[in-house]
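This is what each chain is made of:
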Amino acid sequence: MIEENLQYVQETIRRAEEEAGRKPGEVTLIAVSKTKPVSMIEEAYACGCRDFGENKVQELCEKYEVLPKDIRWHLIGHLQRNKVKYVVGKAFLIHSVDSLRLAEEIQKEAKKRQTQVDVLIEVNMAAEESKFGVLPEETENLVREVSKLPDVHIKGLMTIAPVVEKPEDNAIHFHNLKQLSVDIKEKNIDNVSMSVLSMGMTGDYEQAVKDGASYVRVGTGIFGER
Ligand SMILES: *Cc1c(COP(=O)(O)O)cnc(C)c1O
C-alpha cells in the first residue's frame, strides 16, 4: 500500500510541477511518519524515500537510532527549548523556529557541539489562535535577529495552512508565504537564504506545489490515517 501511495503522490507532484511550469524534481516530498512504526518507514525507505518528517523530538530520536543514517530527518512540530539539546545533530532541518529565544537555544547547543544547524522560520499565515508560528508582519524582524546567530542558518520559511474543504482555499496563504520569502530575499540579509518553502500537506500539497513549495509534507496520503 505504501508503495502505491508513494507513486501516486510523486506523480501528483510531478504533474503539478509541470502545470506550474516548474522543473521536474524541483519539489522534495517529506514523508511524515509521526506515530507510524519503524517497519512502515523501512518500507518507504525501500521505495527510495530519504526525507522523513516527525513532530516530536523523542520519537525522532528513537527512530534516528535504529534507521539508516542516510535518512534526512525533518523536525516539523513545535520545538520546546528544553528539547533542543536532543535534536541538534540529528535533525537535517528544523522547520519550526518561531522565536528568538528558541533560536538562541539552538545556537547555544550548536556551539557546544561545534556544529551548524539549518532552520526554517514557521509563519502563522492565517493568524490562527491555535497555531504556533510568527505572524507574517513580524517575520522579517525575527529573521534579522536570528541571522545574527553564527551557527544557525535560516534556509527559508514554513507554514501549516488552515484545515479547509477545498485546497484552493489555501492558495492565498501559500501565495502570501512565497511573496513574503521573495520580499525578505530582496533585503539581502547576511547568513539568510530564502531558497526553501515548506508548505502543503495531504489535503493541499498539489496546490502548494503550484504556488511554489520546495518541500511538501505528506503523512496520511502515504502511511494512511493516524
Ligand atoms: C502531521 C503533519 C503533516 C502531515 O499531515 P497529513 O495531513 O497527514 O499529510 C504535515 N506537517 C506538519 C507540521 C504535521 O504536523
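Residues numbered from 1 in each chain as written. Predicted model: local features only at pLDDT ≥ 70, side-chain atom pairs only at ≥ 80, totals over all residues. Heavy atoms only, no water.

Caption draft 1: Structural detail: the site of the ligand. In the neighbourhood of the ligand, the contacting residues comprise Val32, Lys34, Ile76, Ile160, Met201, Thr202, Arg217, Val218, Gly219, Thr220 and Arg226. One of the side-chain N or O atoms of Lys34 is found 2.7 Å from an oxygen atom in the ligand. Here an oxygen atom of the ligand and a side-chain polar atom of Thr202 are 2.4 Å apart. With the chains in place, 89% of the 390 Å² that the ligand exposes on its own is no longer accessible. (Near = heavy atom within 4 Å. Polar contact = N/O pair within 3.5 Å; in protein donor to acceptor, adjacent residues only side chain to side chain. Areas by Shrake-Rupley, 256 points an atom, 1.4 Å probe, with all protein chains shown as cover.)

Caption draft 2: How the structure looks around the packing of aromatic side chains. Within this structure, the stated rule accounts for 1 aromatic pair. When the centroid spacing of 5.9 Å and the interplanar angle of 40 degrees are considered together, the rings of Phe52 and Trp73 count as tilted. Pair noted here: Phe52 is in strand β2 (residues 51-54) and Trp73 is in strand β3 (residues 72-75), with a separation of 21 residues, a long-range link. Of the two residues, Phe52 and Trp73, both sit in the buried class. Here Arg50 stacks its cationic end above the ring of Tyr45, 3.5 Å away from the centre of that ring. Here the basic side chain of Lys69 rests over the ring of Tyr64, its NZ or CZ set 4.6 Å away from the ring centre. (Phe/Tyr/Trp six-rings, centres within 6.5 Å; stacked < 30°, edge-to-face > 60°. Helix = DSSP H or I, 4+ residues; strand = E, 2+ residues; numbered from the N terminus. Buried < 20%, exposed > 50% of the residue type's maximum accessible area, 1.4 Å probe, protein only. Lys NZ or Arg CZ within 6 Å of the ring centre and 35° of its normal.)

Caption draft 3: Quick peek at the environment of Thr202. Tracing the backbone through its elements, the reader meets Thr202 in the loop between β7 (192-198) and α8 (205-210). Overall, Thr202 belongs to the partly exposed group, its relative accessible area being 30%. Each C-alpha atom, one on Thr202 and one on Ala46, is 21 Å from the other, the two residues being 156 residues apart in sequence. Apart from the residues within four sequence positions on either side, Thr202 is in contact with Arg217, Val218, Gly219, Thr220 and Gly221. (Contact = heavy atoms within 4.5 Å.)

Caption draft 4: Here's a closer look at the pairing of strand β4 (residues 91-97). For β4, a buried count of 6 out of 7 residues is recorded, marking the element as mostly surrounded by other parts of the structure. Two strands pair when backbone bridges link them, and β3 and β4 are joined in this way by 3 bridges, in the parallel orientation. Within the sheet, the bridge partner assigned to Leu75 lies in β4 and is Ile94. Bridging between β4 and strand β5 (residues 117-122) involves 2 bridges; their strand directions are parallel. Within β5, the position partnered with Val97 by the bridge is Ile121. With respect to chirality, the unit in which β4 leads through helix α5 (residues 100-112) into the neighbouring parallel β5 is right-handed. (Pairing = 2+ DSSP bridges. Right-handed = clockwise from strand over helix to strand, strands pointing away.)

Function cannot be inferred from these measures alone, as they are strictly geometric.
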